[in-house]
Amino acid sequence: MRGTGKADVFVMLAHPVGHAKSPGIFNEIFEQKGLDSLMVPLSCRPEDFEAFWAGITAAENIRGVIISVPYKTAVYHKCAAAHDRAARVQSANSVRRQADGTWYADNFDGVGFIDGLKAGGHQVSGRRILQVGGGGAGASLAYCLAEEGAVEIRLADVDRGRAENLAALVAPRTVGFRSATPTLRGWTWR
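### A few points about the overall build of the chain
Thinking step 1. Of the regular secondary structure elements, the chain holds 7 helices and 10 strands.
Thinking step 2. Per-residue burial over the chain gives 39% buried out of 190 residues.
Thinking step 3. In the chain, of all internal contacts separated by at least 6 residues, the share reaching a separation of at least 24 is 61%.
Thinking step 4. Total accessible area on the chain stands at roughly 10100 Å², and carbon and sulfur atoms take up 55% of it.
Thinking step 5. For the chain, the distance from the average position of its 22 positive side-chain charges to the average position of its 19 negative side-chain charges is 6 Å.

### Topic: the nonpolar core
Thinking step 1. If you look at the biggest cluster of nonpolar residues, it comprises 20 residues, and the most contacted ones within it are L13, W53, I56, V65, V75, V95 and W103.
Thinking step 2. Counting only elements with at least two residues in this core, the list comes to β1 (8-13), α2 (49-58), β3 (62-67), α3 (72-76) and β6 (103-106).
Thinking step 3. Examining the composition of this core, we find that 4 residues originate from one element, α2, more than from any other.
Thinking step 4. Apart from residues lying up to four places away in sequence, V75 is in contact with L13, F49, W53, I67 and V95.

### Observations concerning the packing of helix α6 (residues 136-147) against helix α7 (residues 160-170)
Thinking step 1. Viewed as axis vectors pointing N to C, α6 and α7 meet at an angle of 30°, and their least axial separation amounts to 10 Å. Taken together, the axes of α6 and α7 lie roughly parallel to each other. Here α6 and α7 pass one another in a crossing that is right-handed. Only L166, L169 and V170 of α7 make contact with α6, whose side of the interface consists of G138, A139, A142, Y143 and A146.
Thinking step 2. Here the residues of the contact of α6 with α7 sort into 7 nonpolar, 1 polar and no charged.

### Considering the sheet that holds strand β2 (residues 37-42)
Thinking step 1. In space, the 6 strands of this open sheet follow the order β2-β1-β3-β5-β6-β4, with mixed pairing throughout. This sheet does not close on itself; its edge strands, each paired only once, are β2 and β4 (81-82).
Thinking step 2. Examined bridge by bridge, β1 and β2 share 6 bridges and lie parallel to one another. Within β2, the residue paired with F10 across the bridge is M39.
Thinking step 3. Helix-sheet contacts for helix α1 (residues 22-33) involve β1, β2 and β3, and the interaxial angle to β2 is about 175°.
Thinking step 4. Sitting on the sheet, α2 is in contact with β1, β2, β3, β5 (94-97) and β6, with an inclination near 160° to β1.

Parameters and conventions
Residues numbered from 1 in each chain as written. Predicted model: local features only at pLDDT ≥ 70, side-chain atom pairs only at ≥ 80, totals over all residues. Heavy atoms only, no water. Helix = DSSP H or I, 4+ residues; strand = E, 2+ residues; numbered from the N terminus. Buried < 20%, exposed > 50% of the residue type's maximum accessible area, 1.4 Å probe, protein only. Contact = heavy atoms within 4.5 Å. Areas by Shrake-Rupley, 256 points an atom, 1.4 Å probe, with all protein chains shown as cover. Lys, Arg positive; Asp, Glu negative; His and termini not counted. Charge placed at Lys NZ, Arg CZ, Asp CG, Glu CD. Core = buried A, V, L, I, M, F, W, Y, C linked by side-chain atoms within 4.5 Å. Axes fitted to C-alpha atoms, helices over the stretch in contact; angles between N-to-C directions. Parallel < 35°, antiparallel > 145°, perpendicular 65-115°, else oblique. Left-handed = near helix turned anticlockwise from the far one by under 90°. Nonpolar A, V, L, I, M, F, W, Y, C, P; charged D, E, K, R; others polar. Pairing = 2+ DSSP bridges.

Take a look at the structure:
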């Protein structure tokens, strides 16, 4: 039976959260597998994040959190440890509680995107890529595109500083990296 007093609780965190599909998807999986677990959608205003996260951490039966906009970076910085995928972009889209009560961060935005491309028969290696957005998910995508062998990644972002920082971090991972060039709203690296 799902949802007893002993249930493992998972949270979908976003602001707003009404569009999130994760709670329905995960709750269906929990039900199919007969797990006493449930996922609830939660939101808070960004200015209340610190108090909100303290509450999440204090709630001992919360086992993990799926994170979306605008909290991916803020949650990452609340974690005691992280997978390299999250650490290199300082952004988490999932965290799990460790045995000592601290949080462990991961970010599978880029990995999932690459898996989707491959499943659709698309190849990244040797390609020139235009990427719009270098936030939490975009940063993860840029790393994974570079690691898959993109020969050029043109990054556009409304925040030029964010684009510059991401280009500096990811460019050396691009196959045959030669240079990074500023553009109107971002960077191109080859």
